[in-house]
Amino acid sequence: MSDLEIKNKIAESGLVNFDLAQLLPKGKRIGIDLKDFLFQELILKEKDFREKVDLINIEEYEDAYIYIYNSADAIVPLWAYFLITAKLTDGAKKIVFGNKQDLEVLLMHTAIQTYDFSELMGKRVLVKGCSDQTIPENAYIELVEQLKPLVKSLMFGEACSNVPIFKN
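Residues numbered from 1 in each chain as written. Predicted model: local features only at pLDDT ≥ 70, side-chain atom pairs only at ≥ 80, totals over all residues. Heavy atoms only, no water.

### Some remarks on the sheet that holds strand β2 (residues 29-33)
Argument step 1. As summarised here, the arrangement of the three strands in space is β2-β3-β4, forming an open sheet in which the pairing is parallel. The strands lining the two open edges of the sheet, one partner per strand, are β2 and β4 (94-97). Within this sheet the neighbouring strands show an average axis-to-axis angle of 20 degrees, counted without direction.
Argument step 2. Where helix α3 (residues 78-88) meets the sheet, it contacts β2, β3 (65-69) and β4, and its direction lies at approximately 165 degrees from that of β3. (Pairing = 2+ DSSP bridges. Helix = DSSP H or I, 4+ residues; strand = E, 2+ residues; numbered from the N terminus. Axes fitted to C-alpha atoms, helices over the stretch in contact; angles between N-to-C directions. Contact = heavy atoms within 4.5 Å.)

Following this line, the structure appears as structure tokens:
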């Protein structure tokens, strides 16, 4: 080794990079606004509602993650959610009540709870701080809960500029 050789101290450190975005389920996200199923976007008339649900093209929702919400100032009975869900459940990957953010929180929760983190046992782990995808804040909290009993140390950020979180 010559005196002029450049060493990559980060690569030699044994630091394992973990990108939470890799857990994000792939697939389209589609929102369904119940106001579009209401009479004058205000009143739920059962017969009209059922007819509109029957007209849903389920192929548009095939393999999609669906969130159902109500942007109208109308009271919607719970059975209305049952009807739409029953129509879409065979083809959709997941259906939730709420907005897109609620859907993403639930998807990340499921991904973190089911991911096998054993490969990180006893390692020094750096959780990537920047991502081109939006990660719900709650996912970082759940990640720490999963990693704390496993890893030797946990850091957040980038290799050249990180924040130590804990050391075991």
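This is not the end of the story, as more comes after the structure.
### Regarding the packing of aromatic side chains
Argument step 1. What the rule picks out here adds up to eight aromatic pairs.
Argument step 2. Seen in terms of ring centroids, F18 and F117 are 5.8 Å apart; in terms of plane orientation they differ by 50 degrees. Their pairing is tilted. Of this pair, F18 sits in strand β1 (residues 15-18) while F117 sits in the loop between α4 (100-114) and β5 (124-128), placing them 99 residues apart in sequence. Of the two residues, F18 and F117, neither departs from the other in class, the shared state being buried.
Argument step 3. For the pair Y140 and F156, a centre-to-centre distance of 5.8 Å together with 90 degrees between the ring planes defines the contact as edge-to-face. Taken together, the residues span a long stretch of sequence, with Y140 in helix α5 (residues 137-147) and F156 in strand β6 (residues 153-158) at a distance of 16 residues.
Argument step 4. Since its relative accessible area comes to 23%, Y140 is described here as partly exposed.
Argument step 5. Residue class for F156 comes out partly exposed when judged on its relative accessible area of 31%. (Phe/Tyr/Trp six-rings, centres within 6.5 Å; stacked < 30°, edge-to-face > 60°. Buried < 20%, exposed > 50% of the residue type's maximum accessible area, 1.4 Å probe, protein only.)

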